[in-house]
Amino acid sequence: MKQSTFLSPTLRDVPSDAEVKSHQLMLRAGLIRQSAAGVYSFLPLGLKVLKKVENIIREEMDLSGAQELLMPAIQPAELWQESGRWDLYGPELMRVHDRHNREFALGPTHEEVITSLIRDDINSYKRLPMTLYQIQSKFRDERRPRFGILRSREFLMKDAYSFDRDYEGLNESYRKMYEAYSSVFTRCGLDFRAVVADSGAMGGKDTHEFMVLSEIGEDTIAYSNESSFAANVEIAPVQPDYEKSNEAPLALEKTETPGQKTIEDVAAFLHKDAKKLIKSMLFHADGEPVLVLVRGDHEVNDIKIKHVLDARMVELAGENESASLLGSVTGFIGPVGVPDHITVLADHAVRSIVNGVCGANEKDYHLVNVNPDRDFSVKSYEDLRLIQEGDPSPDGKGTIEFKQGIEVGHVFKLGTRYSESMKASYLDENGKAQPIVMGSYGIGVSRTVAAIVEQHHDDNGIIWPAAVAPFDVHLIPVNLKQDDQKEVAEELYAELRRSFDVLYDDRAERPGVKFKDSDLYGIPVRITVGKRAGEGIVEVKPRNREEKMEVHKDELADTLKQLLNV
Ligand SMILES: O=C(C[C@@H]1CCCCN1)Cn1cnc2cc(Cl)c(F)cc2c1=O
Ligand SMILES: [Mg+2]
């Protein structure tokens, strides 16, 4: 490709609204351009990378035995009404009307469509197992699109769906897909972890997220420093560590704590360690009031509350709720003397508190020498807190550390959630109808491109791993006015492009501009045709190393093969 004709405008300066490196560099290197908040065009250079990632995914999907199809982005509302999700999602689900005023969704995912497709065509156990996938644009009206294509409102996803006769079959389909994902992200040159995840609104049991390690990742991974344990912190289990204290329980006392509402304030005011405090929070779980207790130095994990109560919606109650239900404002509520109709749940660690402190359910008062089970009772002690760095790993090996991650893949064991609601069944050997057991598996294809940039760049620009690079070689003559340089460059371009993807910088630009653009583009190998062109010597520089080699043009093809390990 001749660069003089190529549309990939580079920017000298960092765009002010781009906060993270991948967003900055993808704009500066001319890979993407924004057309609206969270809506992007992929320019030719960016599209070439997107296609490389897509094809790695396609190869691994096909190797895993999945077959590719393409579903429509426009989805009839009826399908979402059948699955019960039309009213479950709010403004994030983009909805359109057609000319007959019928309602449609712009597809954020395709469980409904694929299930409606399958139920018409798979009716015998002989057709199972089957895994289908597509690579297609998805639409999710994110409230806060940000970080370029890392969180955009239209994005490219590979979504796969597996269909099995039973859970044993699903486990096998899931394992195959899990292996395929590991191959995809390894081939893309990513440092990633597969972590145990929360299935969110999808229901279903097992689910894993594939996280690319990155400081700017929105997800927090809790992992053991001595074993392979790794989980999204949202769902990481905490082992109950019941420590019996030999402190004698003292008489309960009410004490004035004027204006002391936060854990820090109360602990300081009463000269107590936060570990002695009982943090009480009033939630609504599917509308029912629940008082949740965690130790003062811990954080409550509302996803765990949802799982413990098997609730659909869990949200913190407002100030006036606490006042009307518990007779006081947040900061002074506690479990002592709580009306019976309010469920009280406590994290395991609360049970070990002796002579603790909690709100007195009266403004400006707290109770001290509070002892669980003596002064208040709980419905049950559960795992309700966020895991913390330094906690023992749930598998008993090592301690927990945190890392930030970018979620690039998410695999789910769906079970029969969709096949039952949408009546997708198969006839077994005895002619009996059974619900199909499903799995769903996503990769953010465009997000993966940005994640690769986050892990592969330096101050001068992107450093593409060879497998996903937009070109193999960047061929740069220093000065086209020099006949020998022009001649050698043209000859090399004609010759190398037969076996490599070559970007030939034929612009009449100053060398400095050419090299700056080249560093921005991040093409794996740069060939500079300069002063020694007349001797047939050119300079070869790998983008991911400082060193430059002088190579005779006759050895060039072999040198490139080694550098690109093709
Ligand atoms: O998409 C999934 C599950 C898997 C992920 C892998 C590929 C197949 N689907 C979960 N999810 C996430 N955000 C959504 C946003 C909207 Cl607006 C919606 F209506 C539905 C969903 C939704 O269902
Ligand atoms: Mg996810």
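Fair warning: this is a prediction, and the values are worked out from it, not measured in the lab.

About the criteria used
Residues numbered from 1 in each chain as written. Chains lettered and ligands numbered in written order. Predicted model: local features only at pLDDT ≥ 70, side-chain atom pairs only at ≥ 80, totals over all residues. Heavy atoms only, no water. Domains from an automatic or database assignment. Buried < 20%, exposed > 50% of the residue type's maximum accessible area, 1.4 Å probe, protein only. Helix = DSSP H or I, 4+ residues; strand = E, 2+ residues; numbered from the N terminus. Pairing = 2+ DSSP bridges. Patch = residues over 30% accessible without salt bridge, like charges linked within 9 Å, V, L, I, M, F, W, Y side chains within 5 Å. Areas by Shrake-Rupley, 256 points an atom, 1.4 Å probe, with all protein chains shown as cover. Salt bridge = Lys/Arg side-chain N within 4 Å of Asp/Glu carboxyl O. Lys, Arg positive; Asp, Glu negative; His and termini not counted. Charge placed at Lys NZ, Arg CZ, Asp CG, Glu CD. Phe/Tyr/Trp six-rings, centres within 6.5 Å; stacked < 30°, edge-to-face > 60°. Lys NZ or Arg CZ within 6 Å of the ring centre and 35° of its normal.

### Concerning the domain arrangement of the chain
Per the domain assignment, the segments making up the chain are domain 1 (54-236 + 402-450), domain 2 (253-382) and domain 3 (471-564). Of note, the centres of domain 2 and domain 3, computed from C-alpha atoms alone, are 68 Å apart.

### A short note on the pairing of strand β15 (residues 288-295)
Buried residues dominate β15, accounting for seven of its eight residues. Relative to β15, strand β14 (residues 278-285) runs antiparallel, the two being bridged by eight bridges. Looking at β15, one finds that Phe283 is bridged to Val290. The antiparallel hairpin formed by β14 and β15 contains two residues in its connecting segment, where Asp286 sits at a positive phi of about 50 degrees.

### What to know about a negative patch on the surface
There is a patch of like negative charges on the surface, built from Glu495, Asp554, Glu555 and Asp558. Here Glu495 shows up in helix α11 (residues 483-496).

### Some remarks on the packing of aromatic side chains
Summed over all chains, the structure comprises ten aromatic pairs. Ring geometry for Tyr181 against Phe210: centres 5.2 Å apart, planes inclined by 45 degrees, an arrangement best described as tilted. One end of the pair, Tyr181, is in helix α5 (residues 167-187); the other, Phe210, is in strand β10 (residues 207-213), with 29 residues separating them in the sequence. Of the two residues, Tyr181 and Phe210, neither departs from the other in class, the shared state being buried. When the ring of Tyr493 is compared with that of Tyr504, the centres are 4.9 Å apart and the planes differ by 25 degrees; the resulting orientation is stacked. Taken together, the positions of Tyr493 in helix α11 and Tyr504 in strand β28 (residues 502-504) put the pair eleven residues apart, joining distant regions of the chain. For the pair Tyr493 and Tyr504, one class covers both residues: buried. Counting every residue linked through ring pairs, the aromatic cluster contains Tyr178, Tyr181, Phe185, Phe192 and Phe210. Taking the ring centre of Trp86 as reference, the NZ or CZ of Arg95 above it sits at 4.4 Å. Over the ring of Tyr418 we find Arg417, and its NZ or CZ is 4.4 Å from the ring centre.

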